[in-house]
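# Descriptive analysis of the structure
What follows is the residue order along each chain.
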Amino acid sequence: MGESSLEKRPLKEDKVWTLPFIMVFINSVVLNSSTWAIVPLMSSYCVEIGAGLKTASVVASLMSLTAMFLRPVSGFVVDRMNRKKLILITTSANVVLAILHILARDIRLLAVCRVLQGIAFSFQGVAMMAFSTSFLPLSRIGEGMGWMALANVISQSIGPAVGLYLKDNFGFYACFIFCAVVCSISLLIINFIPYKEEKREVRRGKLTLDSII
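Residues numbered from 1 in each chain as written. Predicted model: local features only at pLDDT ≥ 70, side-chain atom pairs only at ≥ 80, totals over all residues. Heavy atoms only, no water.

Moving on to helix α4 (residues 53-78). The end-to-end C-alpha separation of α4 is 37 Å, in line with the 38 Å expected for 26 residues at 1.5 Å each. In α4, a bend of some 50 degrees at Arg71 exceeds every other bend along the element, and Pro72, a proline, comes one to four places later. (Helix = DSSP H or I, 4+ residues; strand = E, 2+ residues; numbered from the N terminus. Expected span 1.5 Å × (residues − 1). Bend = angle between axes of the 7 residues up to and from the residue.)

A few words on the side chain of Gln117. Here Gln117 shows up in helix α6 (residues 107-132). Judged by relative accessible area, which is 3%, Gln117 ranks as buried. When neighbours within four sequence positions are excluded, Gln117 is seen to be in contact with Ile38, Met63, Asn94, Leu97 and His101. (Buried < 20%, exposed > 50% of the residue type's maximum accessible area, 1.4 Å probe, protein only. Contact = heavy atoms within 4.5 Å.)

Okay, the packing of aromatic side chains next. All chains considered together, the criterion is met by ten aromatic pairs. Consider the rings of Trp17 and Phe21, whose centres lie 5.2 Å apart with planes at 70 degrees: the pair is edge-to-face. Judged by its relative accessible area of 37%, Trp17 falls in the partly exposed class. Aromatic side chains Phe131 and Tyr195 sit 4.9 Å apart centroid to centroid with 65 degrees between the ring planes, which places their arrangement in the edge-to-face category. With Phe131 in helix α6 and Tyr195 in the loop between α8 (172-191) and α9 (209-212), this residue pair connects regions lying 64 residues apart in the sequence. (Phe/Tyr/Trp six-rings, centres within 6.5 Å; stacked < 30°, edge-to-face > 60°.)

Val24, Phe131, Phe135 and Ile193 are the most contacted members of the largest nonpolar core, which has 28 residues in total. Counting only elements with at least two residues in this core, the list comes to α2 (19-38), α5 (83-103), α6, α7 (141-170) and α8. It is α2 that contributes the most residues to this core, six residues altogether. Those residues in contact with Phe131 that sit more than four places away from it in its chain are Val24, Arg83, Lys84, Ile87, Ile190, Ile193 and Tyr195. One finds Ala37, Met42, Phe172 and Ala180 within the second-largest nonpolar core, a separate group that totals 24 residues. (Core = buried A, V, L, I, M, F, W, Y, C linked by side-chain atoms within 4.5 Å.)

As a further point, take the packing of α5 against α6. The contact between α5 and α6 brings their axes to 9 Å, and the two run at 155 degrees. In terms of orientation, α5 and α6 fall into the roughly antiparallel class. Crossing of α5 against α6: the hand is left-handed. Residues of the contact of α5 with α6, tallied by class, amount to 16 nonpolar, five polar and three charged. (Axes fitted to C-alpha atoms, helices over the stretch in contact; angles between N-to-C directions. Parallel < 35°, antiparallel > 145°, perpendicular 65-115°, else oblique. Left-handed = near helix turned anticlockwise from the far one by under 90°. Nonpolar A, V, L, I, M, F, W, Y, C, P; charged D, E, K, R; others polar.)

What the rule picks out here adds up to four salt bridges. Among the salt bridges present, the one from Arg108 reaches Asp106, with a minimum N-O distance of 3.2 Å. For the salt bridge of Asp168 with Lys167, the shortest nitrogen-to-oxygen distance reads 3.8 Å. (Salt bridge = Lys/Arg side-chain N within 4 Å of Asp/Glu carboxyl O.)

Looking at the protein, the pLDDT average stands at 85 and 86% of residues meet or exceed 70. The lowest-confidence element of the protein is helix α1 (residues 5-8), averaging 46 in pLDDT; the highest-confidence one is α7, averaging 92. Low pLDDT, under 50, characterises residues 1-12; the predicted model gives this stretch 21 contacts beyond four residues in sequence or across chains. (pLDDT = per-residue confidence, 0-100.)

See the structure below:
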């Protein structure tokens, strides 16, 4: 196999903090914060709509479990799709799902919402990390990935605190509306990031256990 598209990319500047990368970084913080804002509220929300404690615990964990099992699949797909389009699709899904959380007064419908959000979260996270490499110089890829990892840490610190504050002061629905608004802002940020899909040399084939490993 020949050189990767990353190695072929002409690098005019040896900078990490270019405007496109800053926009991707901010978008990652904003988008992931909205996802993590819902996580600590889910058990109590399930009880609020009539679920028992055991059921509430299961439903609350569905997003994380779904995202975990789909990570190998999402990496396979991200290598074969336009990363910007994939982020736009998953972010749009998060807007819809945040609104559906308000309408989901049945625990089974809420469970479906959590599974779908886990799917979106899995693909979005992998696509965002891969997308950021398009704006990094080859000599500083590791540093850029470190900053993107920090974006995830920031969102995991901010998101739950914001979610709990909104729930305690304004109720559950305020948190879901906040998430829908934040994801909508994220869509605008992504749209303004200039991106030309790079030609990537990937091995074709079916998704199998061997290809995942």
